Structures are given as structure tokens and as C-alpha cells.
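Fold and contact review
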Amino acid sequence: MFDVILANMPFLLEGLRMTLLLAVIGILGGTILGLVLAILRYRRVPVLGALAALYIETVRGIPLLVMLLICFFALPALFSYRTTAFAAASLGFSLFIASYLAEEFRSGLRAVRPGLTQAGLATGLRPGQVFRLIVLPQAIRRAIPPLFSQYVRLLKFTSVASVIGVRELTGSALLVNARDFQPVIILGCVALTYLVVCSLLSFVGRLLYARLAIRS
Amino acid sequence: MSYQFDWTPIWQNRQLIADGLLTTILLSLAGLVLALCLGLIVGTLGASRSRAGRLVAGVFVECMRNVPLLIHMYFWYMALAFLRLPPFLCAVLGLTFYSSAYVAEVVRAGIGGISRGQTQAAEASGLRPWQVRLLVIYPQALRNIAPSLASLSSQLIKDSSLASVIAVAELTYQAGSIEGQTFRTFEVYITIALLYLALVTLVTRGLMSIPGLREPPAVAKVSDV
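Residues numbered from 1 in each chain as written. Chains lettered and ligands numbered in written order. Predicted model: local features only at pLDDT ≥ 70, side-chain atom pairs only at ≥ 80, totals over all residues. Heavy atoms only, no water.

Residues and elements named next belong to chain A. With respect to the element layout, A38 can be found in helix α2 (residues 9-42). Separated by 66 residues in sequence, A38 and E104 place their C-alpha atoms 8.4 Å apart. For A38, the residues in contact, after removing those within four places along its chain, are A102, F105, R106 and L109. (Helix = DSSP H or I, 4+ residues; strand = E, 2+ residues; numbered from the N terminus. Contact = heavy atoms within 4.5 Å.)

Our next topic: the UniProt feature "domain: ABC transmembrane type-1" (unreviewed entry) in chain A. Within the UniProt annotation, "domain: ABC transmembrane type-1" (unreviewed entry) is assigned to residues 16-205 of chain A. A helix fraction of 82% and a strand fraction of 0% characterise residues 16-205 of chain A, whose end C-alpha atoms lie 21 Å from each other. (UniProt positions renumbered as here; feature names shortened; annotations may be inferred.)

With that out of the way, let us pick up helix α5 (residues 85-111) of chain A. Residue and element names in this part refer to chain A. Given a rise of 1.5 Å per residue, 27 residues ought to cover 39 Å, and the 39 Å separating the end C-alpha atoms of α5 matches this to within 8%. At A98, α5 is bent by approximately 30°, the largest bend along its length. Among the 27 residues that make up α5, 20 are buried, leaving the element largely enclosed by the rest of the structure. (Expected span 1.5 Å × (residues − 1). Bend = angle between axes of the 7 residues up to and from the residue. Buried < 20%, exposed > 50% of the residue type's maximum accessible area, 1.4 Å probe, protein only.)

This brings us to the UniProt feature "transmembrane region" (unreviewed entry) in chain A. All names here are of chain A. In this structure's numbering, the residues bearing the UniProt feature "transmembrane region" (unreviewed entry) are residues 20-40, 61-79 and 184-209. Secondary structure content for residues 61-79 is 84% helix and 0% strand, and the end C-alpha separation is 24 Å. As a span, residues 184-209 carries 100% helix and 0% strand, and end to end its C-alpha atoms are 37 Å apart.

For the rest of this paragraph, the subject is the interface of chain A and chain B. Across the contact, 38 residues belong to chain A and 35 residues belong to chain B. Note on chain A versus chain B: buried area summed over both sides is about 3000 Å², and carbon and sulfur give 77% of it. Taken as a group, L78, K156 and L187 of chain A account for 20% of the area that chain A buries against chain B, more than any other trio of residues on that side. Here chain A and chain B share zero salt bridges between them. Of all the secondary structure elements, the ones that give two or more residues to the side of chain A that touches chain B are α3 (48-59), α4 (64-79), α8 (144-157), α9 (169-180) and α10 (183-212) of chain A. The greatest single-element share of the side of chain A that touches chain B, amounting to 10 residues, is contributed by α10 of chain A. (Buried area = accessible area lost by both parts, 1.4 Å probe. Salt bridge = Lys/Arg side-chain N within 4 Å of Asp/Glu carboxyl O.)

So, in C-alpha cells, the structure goes:
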């Protein structure tokens, strides 16, 4: 019954590796870009702050699939460069998830009590130092649970990359299914794999939260 | 940048785009209504006193939301192909089961946020259990969770774009077919991105402007002793 899975195991595992790689790239790229956008918006940097807000609100209103199609078809056509499905998916995931992560960072920043900033300024730290040494570390620690739920969302969303032809877990499974047509077993095993991987990632998030949480 | 913009193919295919938009709206609406119903049931079970009920709800939520929506869609479309469901229905069912897990978590948190004293007072005044829920708990919980439900609705509209992979002729699918005929790649995808943005903004603003839902009312805190 599970012959089809066993026979295609190396192929499917390669797909899983690709899924995890896409997720890691998206998480790293999205977190860096999201943090920058959040800081620009939170500190109301002239012009750039408004642009960050516009970017965040626009991308949050667009489906991920459309974002990937833009990165794979529209942007290369507009700026006439060549891209691969993998590179386009990495770019699309980073740009997409950054807008959600930015909002999580920003609500973390807003949850830091103003008294702390005042106390920091009163001890003679410069505004930049207060932000870097006091406000930002607390904001990031507060933001851990929502950040990880976005990371889990991104991990599931990597399956959409199969639509533009990336051979990650879903894409590989669809190829195997196209040859051996046993959708119940194949899709069931793929669903189970996502369930396990996503649960693991949530678990890591909870562990980090238990160690670093700020409870108010 | 040597790209020559040409927006005429978009205007020529406006009928296709309008059809796609209508399908997206219908798909989202059907998915939303069913996901709200299923989510309300599962969420109520998750907030119930019965341990078995909480366990069932927990397992349902974890299994549904930790599997990508795309897999949900393919499952209804391919694994359950013997049911011979039309693609539109497969997409509705996929959206419903996936989103209902999120709705259930929100509902559970909403019910959990209502002070126990409310239930106790309602029971003491002689209301039946279903009356307690319908008349006392849900109205208060709904107001508190309305912002979360509004953001889930906009999420669902965006998620409905994945129905294009199982050949439901919604907005993203129509964009692909127009692109295939006209090669106006950039214009097509920007147009539908803006349409999604407009739809999502409209729905979120619309839901939040319903009187009484905008601001969660100050719930009188009754201490649980």
C-alpha cells in the first residue's frame, strides 16, 4: 500500500529538503526586511516611513500566489532579467512575509512601555541607544509567538511554489502522483509531513517563548 | 527598462476579469459562511467543559491548519475524485475546512474571554444551556472577536486565489489565461493584484464599519470567586 511512497522516497525527501530551504530563505529574508520596515514605520522616518507603510498595506492585500506570479513573470518582464522558479519563489516569499512580520514587530515595539524610554533617556542614553539597547530587544522578545505563527504560515505557504514549477514537497508529490496515480496515499503522506514539520516549528517557537518571554 | 506598456488587452478582456472577480467573490462568500459555521461549532466544543470535546476540537484544529491549503484543495479534487465534485465545490470545501480551524481558535479565545460569572449568572437565572450560549455568551464574544474575524475574512479572500490550481475560473485563473493569450504579463498581474487589494480593503473596511463591531464594548468585569 505504501510502496509508492517507499519507491519514491529519495525524490520526496529531496522535495522536503527544498521546502525547508525555501522556508529558511523566506524566514531569514522576511525577518530582516520586516524588521527594517517596522523600524522605519515605527520611528516615522520621513518619506521612508510612509513608503514602508504603503508597502506593508499593499502587500498584505495581495494573495501569495499573485505575489509569486509577479516575481516569476511580471518583474522579469518589466526589468528584462532572467530568473529561475526557485529564485523567484525565494524573492516572493521574502517580500510577502516581510509585510506580515513588519506588523508583528511594530505591535511588539508599541507594546514596550513609554516609561522605559523615559527612564533610558533620563540615565543619559541617546535616543538611538535607548531604541537599540532597551526598546528593540524587548519588542523582539514580545513578538516571538506571533512571529512563529507567521513562520509556520510561511512554511505551509511554500507549497504554493509548486504552481510556478519549483520541485518542493508538494511539487514532487504531484509529479509522483502524475506517474503512479495514488492520490489518497501520496497526498495523505504529504499532509502528514507538513503536519509534523509545522508542529515542530511551533514547538521551537513555544520553547523560545518559554525562555525569553516578557510577561506583563 | 525597455518594457513597452500596453494596457489595451486588459480593457479588451474586461469581461473575463469581471467574471473572475465575481467567481472569487462567490467562492470567498461560500467559504466564509461555511467556515464561520464550522468554526463556531468547533470553537464552542474547544471551549466546552467536556475534556473529550476539547480534545476532538484540538486535534481537528491542529490537523486542519498545519496542512497547506493547496493540499486541502488537491485532496478534495484528486484524492476524493470518486465523489465527482465540481472544482468550485472542491475549492469551497478546501477553504472551509482550512479556514474553520482559524475561526475555531478565534471563537475559542472569544468564549474563553467572557468571564465565568456571566455563565453562572445566566444559569442561575434559569436559562437553558443553549440559551446561555445564544443569548449571553455569543453576543459578547462576537463583539470582542469581530476584528479578528474581519482579518480572517480578508485572509480567506486572498487564499481563494489558490482555487486557480484546480481549474476554478476565478480572478487568478483568468489572469493566467489572459496572460497566455496576450503576453501582457506585467499589466495583467498588476491589474489583478490591485483588484484583490481593492476587494480586501473594501471587505475589511465594510465589516469594521458595522455599528457595534468597531469598538469592543467595555465588558463589565465580574470577578470569578
